[in-house]
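Here's the letter readout for the chains.
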Amino acid sequence: MSGKEKMTQDAAALKEEGNSLFKTGDVQGALCCYTKALKLSENKSDSAILYRNRSACYLKLEDFSKAETDASKALDTDPGDIKARYRRAQALQKLGRLDQAFLDAQKCAQLEPRNKAFQDLLRQLGTQIQQKASQLSSTDARVQQMFKLLTDSSTAQSDRQKAAQNLVVLSREDAGAEQIFRNDGVKLIQRLLESEQEDVVLSALRTLVGLCTGHQSRTMAIVNELGMEKLCAVMGSGEQTVSLAACHLLQVMFEALTEGMTKLIRGKDEAILPEPSRELRSMLRHLLDMLPAAGVSGPGRDSAINLLVKQVPRKSQKSPDNSLTLWVTDQGLKNILEVAGTVPEMGEGPALTDNSHMSSSVLLSKLYDDLKSDAERENFNRICEEYVKRHFDRQGVASKLRAIQTVSVLLQGPSDVGNHSLELSGMMDAVISLCASKDLVHQQVAVETLIHASGKAKRASFITANGVTLLKDLYKNSENDRIRVRALVGLCKLGSAGGTDFSMKQFAEGSTLKLAKQCRKWLCNEALPATSRRWAIEGLAYLTFDADVKEDLVQDKNALHAMFDLAKSDDKTVLFAIGSTLVNCTNSYDVEKPDPQMVEIAKYAKQHVPEEHPKDAASYVEKRLVKLLEAGVVSALVCMVKQESPALTESCRECIARVFLALVERQEDRGMVVAQGGGKALLPLVTESTDKGRIKAAQALAKITITHNPEIAFPGERIYEVVRPLVSLLRLDCTMLQNFEALMALTNLAGISEKLRQKLIKEKAVPKVEGYMFEEHDMVRAAATECMCNLVLSTEVQKLFLDKGSDRLKLLVLYSGEDDERLRKAAAGTLAMVTAEQPEICARIPETTSHWLEILQALLLSDSQDLRHRGAVITANLMQAQRDLAEKLMESEALEILSVMAKGDKPTSGPEVRIAQQCLDLALGYGLIQAGDQAGDPRSEACP
């Protein structure tokens with residue numbers, strides 16, 4: 001046999017296997033088979049059939065875009081393939097392209113006029129098209145009315161504002177957005193953007209958001225008509241609310257354009273779309289130009305930085321293309337450094353907010369982390385070093401101060417680059433010298449740089465030797481609290497070098513507590529600027545490694561309230577410090593317990609062994625958690641999650657996720673967390689955090705879902721967002737506890753509705769749950785089987801047990817005979833369900849194991865009413881399915897067991913009594929037994 005013939009045979013075999021899997025409900029398995037067959041198939045007509053079949057799989061999986069694409073490929077080869085045309089019509093209907101779907105359905109109905117499915121689809125599409133036309137007509141009238149009110153100079157101001165707000169509402173509907181766009185609405189919106197009334201400008205921006213959301217062609221047209229200069233000018237205006245609204249609009253525009261680049265677009269939009277990548281770079285160019293521009297407000301500049309953080313670096317390190325980062329590094333890194341080096345108090349440079357330096361450091365860090373090679377990193381280093389050196393080498397303090405401020409921001413972001421710049425000749429000496437300056441601004445910049453440098457291991461030893469004395473002098477002798485609090489943070493950083501190791505305290509006994517007390521005092525002092533109070537929290541973030549400090553902090557209600565108030569404030573720079581402080585107070589950091597044998601060896605070798613502080617014991621941590629909950633920590637965390645700022649980094653989100661997980665550890669505290677919005681706040685943390693942060697947030701969601709009604713904890717559509725994070729915990733790199741809690745939570749979700757079960761199936765939960773049914777750990781195995789018991793309420797999952805090539809059914813039968821009662825209940829419950837809904841399964845039960853009858857009899861004889869009930873249901877299902885099975889059961893001891901059960905003599909008797917009588921009635925009907933001598937006597941004897 002030639003290689004070509006073998007490939008053809010393999011493709012045919014894969015196609016048949018795919019057909020079988022599809023029939024049994026294993027859509028994902030069928031999809032894989034058809035995809036493999038397509039790679040092997042060289043025959044166009046065979047490939048067309050495979051595309052048609054794969055289209056059916058995508059329809060089942062609700063991936064309608066791919067379903068339409070595959071059906072179109074099948075029709076390209078064979079335009080007369082009526083099945084492929086019907087599937088494409090179904091996909092187009094779901095995609096909302098009703099006109100194209102109607103044409104396909106019409107052709108199907110013409111070819112097979114008597115096919116009911118074709119006629120039904122045609123009628124549905126006709127009705128939907130009429131409804132859409134009616135809606136468009138009604139919407140058009142409303143749009144015209146709003147336009148008239150907005151353009152008529154005689155319209156009252158209040159009516160004009162209402163019309164602008166109504167336009168926002170209309171833009172959020174597909175029909176409304178289309179009518180606004182077609183009626184030259186963009187020109188009207190352009191005029192509204194010129195208004196001096198903030199409400200009108202906000203309405204105009206929000207209307208544009210509705211027009212652009214998820215629509216690439218409209219977005220491209222709007223960007224070209226309005227121009228990025230205009231949009232950036234609006235974002236750079238002095239009003240913070242307007243700036244944020246414009247930032248949101250640009251974010252929506254970026255998303256519409258980038259999604260359009262990765263998505264295959266078919267149909268009428270395709271012809272009018274230019275290449276979006278050039279437009280994207282033009283938009284980024286304008287954002288970069290905003291950074292050093294003098295006319296841009298501080299909030300506007302922060303918004304531009306925020307957009308760059310979100311749009312430039314790769315979303316995943318698996319993506320090979322970091323060309324945007326390289327382009328921004330070459331074209332705009334100097335502009336970012338202009339913001340980083342600006343000292344607002346000097347009165348020179350662009351306007352900044354309190355958040356601008358932190359936002360710049362995050363952007364610089366993201367760009368640096370996105371570089372792939374040493375050459376790329378060297379180029380980044382070179383540009384930064386040249387910028388710092390150019391300013392440092394100039395005459396005058398102002399220029400040197402800009403260089404030092406730039407280094408300070410770099411140390412907060414890409415610290416390797418900051419350390420490299422700090423090693424420039426004379427830089428460290430200048431920092432130390434300026435710390436003693438009489439000028440408050442000079443001193444403040446230098447002290448902050450020294451503090452940021454002290455957190456880096458490379459510089460810490462130098463600063464410990466040379467800077468501690470200086471910091472102590474500043475703390476004790478400075479007359480300005482702004483300098484003292486910063487000096488205190490430097491001391492706190494150096495004092496926390498031992499982390500949580502009780503035996504590695506850096507300061508004398510009591511010194512740490514004194515520093516912490518002073519931090520709390522400054523934190524509560526509202527007369528101090530918010531930036532100085534933020535530094536007090538920075539100090540606590542380091543000092544709370546010490547359990548004595550944690551205890552004092554949670555006892556100080558005023559300090560906690562002050563910290564939580566700052567978490568809800570506009571100062572975004574405080575987020576990570578608060579997150580770190582709370583992680584320390586709740587002991588939610590990772591601690592690796594050393595192996596006891598290794599500890600003994602280390603002691604014998606006189607090596608250092610870390611010691612846990614006595615107040616870090618579980619009982620102390622639990623009390624601290626209660627104190628934090630009483631002080632309102634949940635509302636503070638919820639506000640922190642809502643912040644739209646580069647300062648809310650993935651690491652910061654991880655801290656918040658860790659704290660949430662600690663707060664829901666006790667079952668009795670979960671209600672309070674949910675009531676204050678904790679459940680909702682966890683949802684973004686499972687998608688926008690570090691890998692560890694996502695797992696912690698998902699585990700917190702699992703704990704809530706286990707003990708609370710998910711429909712109350714996550715109302716409306718939010719409940720469907722919980723599924724994916726829970727399924728993500730079903731993997732080997734998660735702990736056994738995380739696996740167990742995820743299975744328990746998924747069990748609750750699977751028992752709520754068919755729509756939720758379909759969501760679980762779509763997220764590929766079923767094969768993962770099946771895998772854990774083989775787990776050696778008793779509790780995990782039982783939890784997985786319980787989850788399957790609820791999943792089999794879905795017909796699609798039931799059909800998986802029809803597959804003769806798998807051991808699914810055998811596993812259920814065997815588990816029904818295990819000693820673990822919880823496992824037996826779950827397995828027997830699943831068996832009762834599948835035998836009731838899929839009667840053909842019943843005939844296969846005797847084939848699974850020779851002990852099937854003993855297992856069933858053991859269920860009927862169990863002391864547990866639940867197990868007896870399940871056993872009776874399975875018996876009744878088997879007897880109803882086939883007379884042969886009923887005969888086997890009546891020839892066994894099951895007859896006697898059922899006869900006794902039907903009497904209902906046991907005090908714990910329940911519904912199994914009625915079902916046992918049904919079994920006897922069935923046997924009587926089959927003629928397998930004869931009725932007893934007395935009427936109604938359940939005792940019977942087998943027929944000869």
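Residues numbered from 1 in each chain as written. Predicted model: local features only at pLDDT ≥ 70, side-chain atom pairs only at ≥ 80, totals over all residues. Heavy atoms only, no water.

Draft legend 1. Summary view of the overall build of the protein chain. Each helix and strand in the protein chain was counted, giving 54 helices and two strands. Scored against the burial criterion, the 944 residues of the protein chain give a buried share of 52%. Restricting the contact set of the protein chain to residue pairs at least 6 apart, pairs at least 24 apart contribute 68%. Surface exposure of the protein chain reaches about 43,300 Å², of which carbon and sulfur atoms provide 49%. (Helix = DSSP H or I, 4+ residues; strand = E, 2+ residues; numbered from the N terminus. Buried < 20%, exposed > 50% of the residue type's maximum accessible area, 1.4 Å probe, protein only. Contact = heavy atoms within 4.5 Å. Areas by Shrake-Rupley, 256 points an atom, 1.4 Å probe, with all protein chains shown as cover.)

Draft legend 2. Main features of unusual backbone geometry. In this structure, Glu 62 is a non-glycine residue whose phi angle is positive, near 65 degrees. Overall, the relative accessible area of 45% leaves Glu 62 in the partly exposed class. A positive phi angle, close to 60 degrees, is found at Lys 764, a residue other than glycine. One can find Lys 764 in the loop between helix H43 (754–762) and helix H44 (765–772).

Draft legend 3. Structural view of the environment of Ala 245. Tracing the sequence through the fold places Ala 245 in helix H14 (residues 240–262). For Ala 245, a relative accessible area of 12% corresponds to the buried category. Along the chain, Ala 245 and Ser 203 lie 42 residues apart, while their C-alpha atoms are 9.4 Å from each other. If we ignore the near neighbours within four places in the chain, the residues touching Ala 245 are Leu 202 and Leu 205.

Draft legend 4. Local environment of the confidence of the model for the protein chain. Looking at the protein chain as a whole, its pLDDT mean stands at 84, while 89% of the residues score no less than 70. Per-element confidence in the protein chain ranges from a low mean pLDDT of 49 for strand S2 (residues 941–942) to a high of 95 for helix H42 (residues 736–750). With pLDDT under 50 throughout, residues 498–506 is counted as low confidence; its partners more than four residues away or in other chains account for 22 contacts. Every residue in residues 933–944 scores below 50 in pLDDT, and together they form 22 contacts with partners more than four places removed in sequence or on other chains. (pLDDT = per-residue confidence, 0-100.)

Draft legend 5. Focus on the nonpolar core. Counting residues in hydrophobic clusters, the biggest one holds 182 residues, and the most contacted among them are Phe 660 and Leu 663. In terms of residue count, helix H35 (residues 650–663) provides more of this core than any other element does, nine residues in total. What Leu 663 contacts, discounting residues up to four positions off in sequence, is Leu 625, Leu 629, Val 633, Val 634, Leu 637, Asp 669 and Val 673. Listed in part, the 78 residues of the second largest apolar core include Phe 147, Ala 246, Tyr 368 and Ile 383. (Core = buried A, V, L, I, M, F, W, Y, C linked by side-chain atoms within 4.5 Å.)

Draft legend 6. Local environment of the pattern of salt bridges. Inspection of the entire model under this criterion finds 45 salt bridges. Between Glu 717 and Lys 755 there is a salt bridge; the shortest N-O distance is 3.9 Å. Residue Glu 717 is located in the loop between helix H39 (710–713) and helix H40 (718–721), and its partner Lys 755 is located in helix H43; the two are separated by 38 residues in the primary sequence. By relative accessible area, which is 53% here, Glu 717 ends up exposed. If you follow the salt bridges from partner to partner, you end up with Lys 550, Glu 551, Asp 616 and Arg 624 in one network. (Salt bridge = Lys/Arg side-chain N within 4 Å of Asp/Glu carboxyl O.)

Draft legend 7. View of the packing of aromatic side chains. Under the defined criterion, the tally for this structure stands at three aromatic pairs. On the basis of an interplanar angle of 50 degrees and a centroid distance of 5.1 Å, the ring pair of Tyr 86 and Phe 118 is categorised as tilted. In this pair, Tyr 86 sits in helix H5 (residues 82–94) while Phe 118 sits in helix H7 (residues 116–151), placing the two residues 32 residues apart along the sequence. Between Lys 400 and the ring centre of Phe 392, over which it is positioned, the NZ or CZ distance is 5.4 Å. (Phe/Tyr/Trp six-rings, centres within 6.5 Å; stacked < 30°, edge-to-face > 60°. Lys NZ or Arg CZ within 6 Å of the ring centre and 35° of its normal.)

Draft legend 8. Up close: the packing of helix H53 (residues 894–903) against helix H54 (residues 912–926). At their nearest, the axes of H53 and H54 sit 8 Å apart, and the two run at 130 degrees to each other. Taken together, H53 and H54 sit at an angle that is classed as oblique. Crossing of H53 against H54: the hand is left-handed. Between H53 and H54, the residues in contact are Leu 895, Leu 898, Ser 899, Met 901 and Ala 902 and Glu 912, Val 913, Ala 916, Gln 917, Cys 919 and Leu 920, respectively. (Axes fitted to C-alpha atoms, helices over the stretch in contact; angles between N-to-C directions. Parallel < 35°, antiparallel > 145°, perpendicular 65-115°, else oblique. Left-handed = near helix turned anticlockwise from the far one by under 90°.)

Draft legend 9. Layout of the side chain of Glu 538. By the secondary structure assignment, Glu 538 is in helix H28 (residues 530–543). Buried and without a salt bridge, Glu 538 has Arg 534 as its closest oppositely charged side chain, separated by 4.2 Å. If sequence neighbours within four positions are ignored, Glu 538 has contacts with Val 489 and Ala 577. (Lys, Arg positive; Asp, Glu negative; His and termini not counted.)

Draft legend 10. Main features of the environment of Val 813. With respect to the helices, strands and loops of the structure, Val 813 is situated in helix H47 (residues 808–815). The exposure class assigned to Val 813 is buried, which follows from its relative accessible area of 3%. Separated by 33 residues in the primary sequence, Val 813 and Pro 846 place their C-alpha atoms 9.6 Å from one another. Sequence-distant contacts of Val 813, that is, excluding residues within four places in its chain, are made with Leu 831, Ile 845, Thr 848, Thr 849, Trp 852 and Ile 855.

Draft legend 11. The arrangement of helix H27 (residues 511–524) in detail. An ideal rise of 1.5 Å per residue puts 20 Å on 14 residues; H27 measures up with 20 Å between its terminal C-alpha atoms. Along H27, the positions that sit buried rather than exposed are Thr 512, Leu 515, Ala 516, Gln 518, Cys 519, Arg 520, Trp 522 and Leu 523. (Expected span 1.5 Å × (residues − 1).)

Draft legend 12. Expanded view of H54. The terminal C-alpha atoms of H54 lie 21 Å apart, and with 15 residues this matches the ideal 21 Å at 1.5 Å per residue to within 8%. All buried positions along H54 are accounted for by Glu 912, Val 913, Ile 915, Ala 916, Cys 919, Leu 920 and Ala 923. If you follow the buried residues of H54, they end up packed against helix H51 (865–881), helix H52 (883–890), H53 and strand S1 (929–930).

Draft legend 13. Region of the structure containing the environment of Phe 801. In this structure, Phe 801 sits in the loop between helix H46 (795–798) and H47. Under the relative-accessibility criterion, Phe 801 is labelled buried at 3%. Sequence separation of Phe 801 and Leu 812 is eleven residues, and the distance between their C-alpha atoms is 10.0 Å. Once residues lying within four places of it in the same chain are set aside, the contact partners of Phe 801 are Met 788, Val 792, Arg 808, Leu 809, Leu 812, Thr 830, Val 834, Ile 841 and Arg 844.

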